[in-house]
Amino acid sequence: MLFTWNRGFGPDQFGAAPRLRWIHSLSAGIEGLLFPEIIASQVLLTSTKGVHAKTMAHHAFALILALARGLDIFGRYQTSARWMGHAEDLPLQDLEGKTLAVVGLGTVGREVASLARTFGMTILASRRHLELGSDPLVDRLFGANELLEMLSLADVVVLSCALTKETAGLFDAEAFAAMRPGAYLINLARGGVVQEDALVKALSEGQLAGAGLDVFSEEPLPAGHPLWHLDRVIITPHVAVDSEGLRERASAIASENFRRFRAREPLLNVVRKDWGY
């Protein structure tokens, strides 16, 4: 057995461990471990999926509320001691009555949907495997081939999907063109889900009203990247998973899986290697 991070183990190490039977990822995302040798093997792969869900959903709504209530704008005013009150044409919005779309209805996506319900929002969601059935938190469920239709109906789009061959570059110029003018994009998934040049263009041309971004194709985000300098873009440095209780929760899953492994009981969070999550 092996406990590792998403990118802490590669084909060479795997080839040197012929008796390996189980790998537990200390990350929720496991795309870095899904190289062909592991996919073709009988080695079990498990993850810490779910331990970050509430924290990430809270982070998503921190970004949504900051954009809706103009906190990024007021932050700039504060640095120059500038008082800009209600008489100004500020883009302050309510969430009640708005429509939120979740791309990837997993553990994080369901927590986002649950919070959206408390704000009185209509909730749409896309799911790759519709055979998993409907969800009581969601007003309307869409298949992967219905993404553009869902985007056209949403005021806020939250990305919480895994990075797979199907989702890599999923949010391209066509996806952004399908979104409502004035919509917000929140990305907590992986940077590779978004084509960043297309995102910059959509923001620069006003197709999107703003974005809250926690993940990027290249991390750290290079100092010269245009996303740093665009208005109505809030950047956080891949910290949506972080909280004071993270290590304790992750350790609890790892410890329980270790107990189950020794007792030959079914493990928690077994990855469907053919699905990529």
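Note that the structure is a prediction, hence the values are computed from the model and not measured. (Residues numbered from 1 in each chain as written. Predicted model: local features only at pLDDT ≥ 70, side-chain atom pairs only at ≥ 80, totals over all residues. Heavy atoms only, no water.)

*Asks:* Looking at this structure, I do not really get helix 5 (residues 107-118). What am I missing?
*Replies:* Three or four residues apart is the spacing at which side chains of an α-helix point the same way, because the helix has 3.6 residues per turn. Relative to the 16 Å expected for twelve residues at 1.5 Å per residue, helix 5 spans 17 Å between its end C-alpha atoms, a close match to the ideal helical length. Along helix 5, the residues that are buried comprise V108, G109, V112, A113 and A116. Viewed along the axis of helix 5, the buried residues span an arc of 135 degrees, placing them on a single side of the element. Structurally, helix 5 contributes buried residues whose contacts are with helix 3 (53-68), strand 4 (99-103), strand 5 (122-126) and strand 7 (156-159). (Helix = DSSP H or I, 4+ residues; strand = E, 2+ residues; numbered from the N terminus. Expected span 1.5 Å × (residues − 1). Buried < 20%, exposed > 50% of the residue type's maximum accessible area, 1.4 Å probe, protein only. Arc of directions from axis to C-beta. Contact = heavy atoms within 4.5 Å.)

*Asks:* So what exactly am I meant to see when it comes to the sheet that holds strand 7 here?
*Replies:* In a beta sheet, neighbouring strands pair by backbone hydrogen bonds and run either parallel or antiparallel. In spatial order, the strands read 6-5-4-7-8-9-10; together these seven strands make up an open sheet with parallel pairing. Strands with a single pairing partner mark the edges of an open sheet, and in this sheet they are strand 6 (140-142) and strand 10 (233-235). Shown here is a sheet whose adjacent strand axes are inclined to one another by a mean of 15 degrees, direction ignored. Direction of pairing for strand 7 relative to strand 8 (residues 183-187): parallel, over a ladder of four bridges. (Pairing = 2+ DSSP bridges. Axes fitted to C-alpha atoms, helices over the stretch in contact; angles between N-to-C directions.)

*Asks:* Could you clarify how one ought to interpret the pattern of salt bridges in this entry?
*Replies:* Pairs may arise between side chains of opposite charge once their charged atoms sit close together. In the structure shown here, the tally under the stated rule is 13 salt bridges. The residue E205 makes a salt bridge to K201 at a minimum N-O spacing of 3.0 Å. Between R259 and E256 there is a salt bridge, with its nearest N and O atoms 2.8 Å apart. You can see R259 and its partner E256 sitting in helix 9 (residues 246-263), three residues apart, about one turn around the helix. Accessibility expressed as a relative area gives 39% for R259, which makes it partly exposed. Overall, the relative accessible area of 24% leaves E256 in the partly exposed class. (Salt bridge = Lys/Arg side-chain N within 4 Å of Asp/Glu carboxyl O.)

*Asks:* What's the story with the environment of G120 in this structure? I'm lost.
*Replies:* You can see G120 is positioned in the loop between helix 5 and strand 5. Using a relative accessible area of 37% as the deciding quantity, one classes G120 as partly exposed. Considering only alpha carbons, one finds G120 and G97, 23 residues apart in sequence, at a separation of 6.0 Å. Setting aside residues no more than four positions away along its own chain, G120 makes contact with E96 and G97.

*Asks:* Explain the environment of R272 to me, please; I cannot follow it from the model alone.
*Replies:* For R272, the location among the structural elements is in the segment after helix 9. Residues R272 and D155, 117 residues apart in the sequence, show an inter-C-alpha distance of 32 Å. At 2.7 Å, the side chain of R272 and the side chain of D274 are in polar contact. (Polar contact = N/O pair within 3.5 Å; in protein donor to acceptor, adjacent residues only side chain to side chain.)

*Asks:* Just checking my understanding: could you explain the sheet that holds strand 2 (residues 22-25) for this structure?
*Replies:* The parallel open sheet is built from three strands, whose spatial order is 1-2-3. This sheet does not close on itself; its edge strands, each paired only once, are strand 1 (2-4) and strand 3 (44-46). Put simply, the sheet's adjacent strands are angled 20 degrees from each other on average, direction ignored. In terms of strand pairing, strand 2 meets strand 3 through three bridges, oriented parallel. Each residue of the ladder has a partner; that of W22, found in strand 3, is L44. Sheet strands in contact with helix 9 are strand 1, strand 2 and strand 3, and its direction is about 165 degrees off that of strand 2.

*Asks:* When you look at unusual backbone geometry in this model, what are you seeing that I'm missing?
*Replies:* Most of the time, phi is negative for any residue but glycine, and the peptide bond is trans. Geometrically, the link from E219 to P220 is a cis peptide bond, its omega value of 0 degrees lying close to zero. Take P220: it is sitting in the loop between strand 9 (208-213) and strand 10. A positive phi angle, near 65 degrees, is found at R232, a position not held by glycine. Here R232 lies in the loop between strand 9 and strand 10. Relative accessible area serves as the criterion here: at 12%, R232 is assigned to the buried category. Unlike most non-glycine residues, R264 shows phi in positive territory, near 60 degrees.

*Asks:* How should helix 4 (residues 71-79) be read in this particular structure?
*Replies:* Residues of helix 4 that are buried: D72, I73 and Y77. Here the buried residues of helix 4 occupy an arc of 145 degrees about the axis, which is enough to place them on one side. Exposed side of helix 4, more than 90 degrees from the buried face: L71, Q78 and T79 are the residues found there. Check the buried side of helix 4 and you find it contacts helix 3 and strand 10. The positive-phi residue at the C-terminal boundary of helix 4 is A81, with phi of around 50 degrees.

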